[in-house]
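One letter stands for each residue in the lines below.
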Amino acid sequence: MKRSITRLLMAPSVIMLLVWMIVPLSMTIYFSTIRYNLLYPGQNNFVGLMNFEFFITDPGFITAVANTLILLLSALIITVVLGVMLSALIDKPFFGRGIVRVLLISPFFIMPTVNALIWKNMMMNPVYGIFAWISQSLGLQPIDWLGTYPLMSVIIMVSWQWLPFAILVFVTALQSQDTEQKEAAQMDGATGWHIFRYLTIPHLARPIAVVVMIETIFLLAVFAEIFVSTGGGPGYASTNLAYLIYNQALLQYDVGVASAGGLFAVLLANIVAFFLIRAVGKNLTV
Amino acid sequence: MTLNQQRKLKTLITGLFAWLVALLLFFPIFWMFITSFKTELQAISVPPSLFFEPTLDNFKVVQDRSDYLLHAMNSVITSFGSTIIALIIAVPAAYSMAFFPGKRTKDILLWMLSTKMLPAVGVLVPIYILFRNNGLLDSRIGLIIIFTLMNLPIIIWMLFSYFKDLPKEILEAARMDGASPWGEVVKVVLPLSVGGIASTGLLSIILCWNEAFWSLNLTASNAAPLTAMIASYSSPEGLFWAKLSAASTLACAPIIVFGWFCQKQLVQGLTFGAVK
Amino acid sequence: MSYLVISELQKHYDSYHALRGINLNIKEGEFIVFVGPSGCGKSTLLRTIAGLESSSGGTIELDGKDITEVASSKRDLAMVFQSYALYPHMTVADNLSFALRLAKVPDAEIQEKVRSVSASLQLDPLLDRKPKELSGGQRQRVAIGRAIVRQPKVFLFDEPLSNLDAALRVQMRLELARLHKKLGTTMVYVTHDQIEAMTLADRVVILNAGQIEQVGTPLELYRQPNSRFVAEFIGTPKMNLIPVDNFAVQGDQLSLNLLDSSLSFPANRLAGPLPKAIVMGIRPEHLSLVEENGDFTGRVELVEHLGSEAYAHIQLGNNQTIILKASARSTLQDGDLVHIKVDSSEVILFNESDRVISVIAEEAGND
């Protein structure tokens, strides 16, 4: 087929994504260099890098960056490790495997806002929550999860949500694993662990890369869970970059500083993406 | 123990363990569902009550208070609408990249994925202002546009990997049989990739249905989908767990049932080209 | 008269040259087989004829028309693929009729054609099945049926039998030969299996490294290879090659000294000037065992009994092993010392650049 036709077929997607990327981004860059507070309209003079300075020296800034990365890494490790183990567990047939699979992937269908509400109230509430009841039944002091371990609580919610996604992808991948290869290994004297370690894990290398990549996209932008459950608190203990910027823009009405923060988030995402897309890109069959 | 018995025991233990984990992970959803049929007093009773007389009052309250049906409709229209539009735009692009790759195809694909890396917060303010100036705030159209753009890279990527995996010889056979490029797409490529397109659409619908950031920030009462409706229950109603659960159950039930229904398709579909 | 004419055909992938100037004339109704080792360009050549690969230079003419730049869908060729490439979402009947439906042939005619093809290939009971419900042999027949139904100008086959088991392969080979007799259509067939090539072809095209090494009838290639490559490629087991230590012309004989013995070869069977070095080629069936006065002696290493015949692997004095075809009832034992006689009228000589420098005995006599 002609080069021009293939270009034509791609044009809508490319143009839309290009606009989607460039227009808001250039506006953000512009806003980040002017004074722009919705509470003081009409004072939009150029301020250079002051917004950036202001954002970076914000008391919550360092914490938010750290929280963003901790959240990303913890949730990635939890979902990938548990995802691999659980998908390997349900790879062989057993009684009611179909139902188990349905139960395991269900949390993926729960919206982040509901997710946060269930965990915040019915699971983690220090008085009436299920966790509190379990602690009490065991004769322990109930824990105020959201107050004492806010970031960990958010990590639990997010991992609960994304573990099923990892399981879905890995289960799919395991279906294509060569059974003859496994049988050959068995004849060679490999135990179940050996097969898992030397055949299954390498087989899952590419799916793992894919899961890491897609989850990173979503985990860097975790917002609703924090918004609904901890509100970023106490203090900045569970504030990530996304929430900090949201706080600037919509709670303090400072568009200039929020835009500077937004650019910083873009920068951070690009740093992560740079390594990630490089790693996964190698695994893409193009 | 004979070898056969050993194997059976192993299967039994694996099965029991898998069931245990699955039930644990599913428990929060189960609890939400149960709580939605309780009275407010039963909902916060310690120890938790498992046996009670179910009531439907909570659901009535939710519908009266926040017009569940309107928000559900918004969710359906925005998720399905944007998914269909995104598929229409993505299929030709993925097709052309998979079957007529050029030297830059891989770069273009990675660039598309990288636009997904742009954090929404980074562009929230300009989008908000653009929407406000164009009357798109709190409109279904506005949300559909955002959802379409948001999922387009992932949809293109998934479709690309499906098309890439289609046996090339079948397409060549069609070409030899006299199929035009258009006929090749309509009569061979699309029928062969129905499964792939379906699971791509499914994932997109799930992601749209559960999208919270844009829904919360760009809609208010008219176009708010269920995610935004639920958020409105977070603080003032936070203490009314039964009503909260009823609202949550209503918000999630459609997509959960939908997801269960299409579970097989999803399991087969999510390869992202990562499976050889 | 030439029907399919390929001139100076080139195919480059970046810096890799898959085809380096192919010239070939195929007559109408001929059965042509491309053979060669993997990577020799045989499939690329077929796919370029099909239009599935674009050419980088040269022309392809079919029935007097230049089709080099014609889309494959408009070339009026049919192809049978190695993987069969049946449409998995269509029934056998739909697979068979797909091309006709695309060409907007009237329904009645389509049905008639599908019926006659399915009858001749015994596909009638399978017409409503999907490809995944068929066995390998059945799929193969559907793939062939799909090609026949269109009555194309040329059939192209890309290793069509390589996915079948041995028994089925022999059977399908016969069916293809029968089909060719019945239809009389030009067929171009790619294989790496020289038995398929020898049994099916009117003419065989041997390719090597993107070039045609030799074209000829199966027997010509077997008896009159023009290079060491062809000589070694055709024939199972392979032709034995023994380097000649030195040689000299004595009257009308060329005497070859090798392995402590001397063979004489009629000088009039030598074409061209005397080479710098000579390698002698002799096929296993042209060596025989004698009680005494053999040309070589050697020790039996291994005997392969194939039932109808036996092959003895014999180690010669210079540690080279040659293969000799022995009778099925041969009582040779490993380790036996044997005397071997060479049928010198069947000897083929190669020069230092691996070209053949001898002509076969009958032709030399005719001069």
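Residues numbered from 1 in each chain as written. Chains lettered and ligands numbered in written order. Predicted model: local features only at pLDDT ≥ 70, side-chain atom pairs only at ≥ 80, totals over all residues.

## What to know about the overall build of chain B
Okay, so step 1: Looking only at helices and strands, chain B features 14 helices and zero strands.
Okay, so step 2: Traced from its N-terminal end to its C-terminal end, chain B shows the element sequence α-α-α-α-α-α-α-α-α-α-α-α-α-α.
Okay, so step 3: Taking 276 residues into account, the globule formula puts the C-alpha radius of gyration at 19 Å, and chain B, at 23 Å, lies well above it.
Okay, so step 4: Each principal axis of the C-alpha distribution contributes one length, and for chain B these read about 75 × 70 × 30 Å.
Okay, so step 5: The buried share of chain B, reckoned over its 276 residues, is 52%.
Okay, so step 6: Nonlocal contacts in chain B, meaning residues at least 24 apart in sequence, comprise 80% of its contacts between residues at least 6 apart. (Helix = DSSP H or I, 4+ residues; strand = E, 2+ residues; numbered from the N terminus. Rg over C-alpha atoms; globule rule 2.2 N^0.38 Å. Buried ≥ 20, exposed ≤ 12 C-beta atoms within 10 Å, placed from the backbone. Contact = placed C-beta atoms within 7 Å.)

## Section: the overall build of chain C
Okay, so step 1: Scanning chain C from N- to C-terminus turns up nine helices and 21 strands.
Okay, so step 2: The principal-axis extents of the C-alpha atoms in chain C amount to approximately 75 × 45 × 40 Å.
Okay, so step 3: By the burial criterion, 38% of the 367 residues in chain C qualify as buried.
Okay, so step 4: Within chain C, residue pairs in contact and separated by at least 24 positions form 63% of the contacts whose partners lie at least 6 positions apart.

## Let's talk about helix H9 (residues 179–187) of chain A
Okay, so step 1: Burial within H9(A) is sparse, with just zero of its nine residues counted as buried.
Okay, so step 2: In the stretch just after H9(A), A:Gly189 is the one whose phi turns positive, near 95°.

## Quick word on the UniProt feature "transmembrane region" (unreviewed entry) in chain B
Residue and element names in this part refer to chain B.
Okay, so step 1: Here, the residues flagged by UniProt with the feature "transmembrane region" (unreviewed entry) are residues 12–34, 76–96, 108–129, 141–163, 184–207 and 240–261.
Okay, so step 2: Along residues 12–34 the backbone is 100% helical and 0% strand, and the end-to-end C-alpha distance reaches 30 Å.
Okay, so step 3: End C-alpha to end C-alpha, residues 76–96 measures 30 Å, and it is 100% helix and 0% strand. (UniProt positions renumbered as here; feature names shortened; annotations may be inferred.)

## So, the nonpolar core
Okay, so step 1: Among the nonpolar cores identified, the biggest contains 271 residues, and A:Phe223, B:Ala90, B:Ala94, B:Leu159 and C:Leu156 are the most heavily contacted of them.
Okay, so step 2: The leading source of residues in this core is helix H7 (residues 140–165) of chain B, at 17 residues.
Okay, so step 3: If we ignore the near neighbours within four places in the chain, the residues touching B:Leu159 are B:Ala90, B:Val91, B:Ala94, B:Gly196, B:Ile197 and B:Thr200. (Core = buried A, V, L, I, M, F, W, Y, C linked by C-beta atoms within 7 Å.)

## Observations concerning the arrangement of the chains
Okay, so step 1: With two pairs of chains in contact overall, the greatest share of contacts is found between chains A and B.
Okay, so step 2: Over all C-alpha pairs, chain A and chain C never come within contact, reaching a minimum spacing of 9 Å.

## Overview of the interface of chain B and chain C
Okay, so step 1: With 15 residues of chain B at the contact, the number on the chain C side is 17 residues.
Okay, so step 2: Listed by contribution, the elements that provide at least two residues to the side of chain B that touches chain C are helix H8 (168–176) and helix H9 (181–192) of chain B.
Okay, so step 3: Looking at which element gives the most residues to the side of chain B that touches chain C, the answer is H8(B), with six residues.
Okay, so step 4: Residues of the side of chain B that touches chain C, tallied by class, amount to eight nonpolar, three polar and four charged. (Nonpolar A, V, L, I, M, F, W, Y, C, P; charged D, E, K, R; others polar.)

## Structural notes on the sheet that holds strand E10 (residues 211–216) of chain C
Residues and elements named next belong to chain C.
Okay, so step 1: With mixed pairing, the six strands of this open sheet are ordered in space as E6-E7-E8-E3-E9-E10. Strands with a single pairing partner mark the edges of an open sheet, and in this sheet they are strand E6 (77–80) and E10. Neighbouring strand axes in the sheet, compared pairwise and without regard to direction, differ in orientation by 20° on average.
Okay, so step 2: Where strand E7 (residues 154–158) and strand E8 (residues 186–190) come together, five bridges link them in parallel fashion. Within the sheet, the bridge partner assigned to Val154 lies in E8 and is Thr186.
Okay, so step 3: Against the sheet, helix H4 (residues 136–148) touches E6 and E7, its axis set at about 175° to E6. (Pairing = 2+ DSSP bridges. Axes fitted to C-alpha atoms, helices over the stretch in contact; angles between N-to-C directions.)

## Things to note about the environment of C:Glu175
Okay, so step 1: As for its position among the elements, C:Glu175 is in helix H5 (residues 166–183).
Okay, so step 2: Once the C-alpha coordinates of C:Glu175 and C:Leu121 are considered, the two residues, 54 residues apart in sequence, prove to be 9.2 Å apart.

## Some points on the domain arrangement of chain B
Okay, so step 1: Taken domain by domain, chain B comprises domain 1 (3–35) and domain 2 (66–269).
Okay, so step 2: Here the C-alpha centre of domain 2 of chain B lies 32 Å away from the C-alpha centre of domain 1 of chain B. (Domains from an automatic or database assignment.)

## So, the domain arrangement of chain C
Many structure descriptions define interface size as the accessible area lost when the parts assemble.
Residues and elements named next belong to chain C.
Okay, so step 1: The assigned domain composition of chain C is domain 1 (2–233) and domain 2 (240–366).
Okay, so step 2: In this structure, domain 1 and domain 2 have C-alpha centres spaced 38 Å apart.
Okay, so step 3: Tallying the contact residues gives eight residues for domain 1 and seven residues for domain 2.
Okay, so step 4: Along the lines of polarity and charge, the residues of the side of domain 1 that touches domain 2 split into three nonpolar, three polar and two charged.

## Here's the deal with the UniProt feature "domain: ABC transporter" (unreviewed entry) in chain C
Okay, so step 1: In the numbering used here, UniProt assigns the "domain: ABC transporter" (unreviewed entry) feature to residues 4–234 of chain C.
Okay, so step 2: Note that residues 4–234 of chain C is 36% helix and 26% strand, and that its end C-alpha atoms are spaced 25 Å apart.

## With respect to the interface of chain B and chain A
Okay, so step 1: Taken residue by residue, the interface counts 87 residues in chain B and 78 residues in chain A.
Okay, so step 2: Split into classes, the residues belonging to the side of chain B that touches chain A amount to 64 nonpolar, 19 polar and four charged.

## Some remarks on the sheet that holds strand E18 (residues 310–316) of chain C
All names here are of chain C.
Okay, so step 1: The strand order across the open sheet built from five strands is E16-E20-E17-E18-E19, with neighbouring strands paired in antiparallel fashion. Both outer strands of the open sheet, strand E16 (287–290) and strand E19 (321–326), are each paired with one neighbouring strand and no more. On average, each strand axis in the sheet is inclined to that of its neighbour by 50°, with strand direction left out of account.
Okay, so step 2: In terms of strand pairing, E18 meets E19 through six bridges, oriented antiparallel. When the sheet's bridge partners are listed, Tyr311 is paired in E19 with Lys325.

## A look at unusual backbone geometry
The phi torsion of most residues other than glycine is negative, and most of the peptide bonds are trans.
Residues and elements named next belong to chain C.
Okay, so step 1: Look at the link from Thr236 to Pro237: it is a cis peptide, with omega at -10°.
Okay, so step 2: If you trace the backbone, Pro237 turns up in the loop between helix H8 (228–233) and strand E11 (240–243).
Okay, so step 3: At Asp14, a residue that is not glycine, the phi angle is positive and equals roughly 50°.
Okay, so step 4: For Asp14, the position within the fold is in the loop between strand E1 (2–13) and strand E2 (16–27).
Okay, so step 5: In this model, Tyr84 sits at a positive phi of 70°, which is unusual for a non-glycine residue.
Okay, so step 6: Examined against the element boundaries, Tyr84 turns out to sit in the loop between E6 and helix H2 (92–102).
Okay, so step 7: Take Tyr84: there are 24 C-beta atoms within 10 Å of it, and that puts it in the buried class.

## Some points on the packing of helix H13 (residues 241–251) of chain A against helix H6 (residues 120–133) of chain B
Okay, so step 1: Where H13(A) meets H6(B), the closest approach of the two axes is 9 Å, and the angle between their N-to-C directions is 20°. Between H13(A) and H6(B), the angle is such that the two are roughly parallel. Note that H13(A) runs across H6(B); the crossing there is right-handed. When H13(A) is examined against H6(B), the residues A:Ala242, A:Ile245, A:Tyr246 and A:Ala249 are found in contact with a partner set consisting of B:Val121, B:Leu124 and B:Val125. (Parallel < 35°, antiparallel > 145°, perpendicular 65-115°, else oblique. Left-handed = near helix turned anticlockwise from the far one by under 90°.)

## Structural notes on the packing of H2(C) against helix H3 (residues 107–120) of chain C
Residues and elements named next belong to chain C.
Okay, so step 1: Where H2 contacts H3, the two axes come as close as 10 Å, and the packing angle between them is 135°. By the angle class used here, H2 and H3 are oblique. For the pair H2 and H3, the sense of crossing is right-handed. Every residue of H3 that contacts H2 at Ala93, Leu96, Ser97, Leu100 and Arg101 is listed here: Ile110, Lys113, Val114, Val117 and Ser118.
Okay, so step 2: Split by residue class, the contact of H2 with H3 holds six nonpolar, two polar and two charged.

## A short note on the confidence of the model for chain C
Okay, so step 1: Per-residue confidence for chain C gives a mean pLDDT of 88, with 98% of residues at or over 70.
Okay, so step 2: If you check the scores for this complex, the pTM reads 0.80 and the ipTM reads 0.86. (pLDDT = per-residue confidence, 0-100.)

## Concerning the pairing of E18(C)
All names here are of chain C.
Okay, so step 1: For strand E17 (residues 296–305) and E18, the ladder comprises seven bridges, and the chain directions are antiparallel. Residue pairing for E18: Val300 is matched across the bridge by Ile314.
Okay, so step 2: Taking the residues that link successive antiparallel strands as the turn, the E18-E19 hairpin has four residues, and the phi of Asn319 there is positive, at about 75°.

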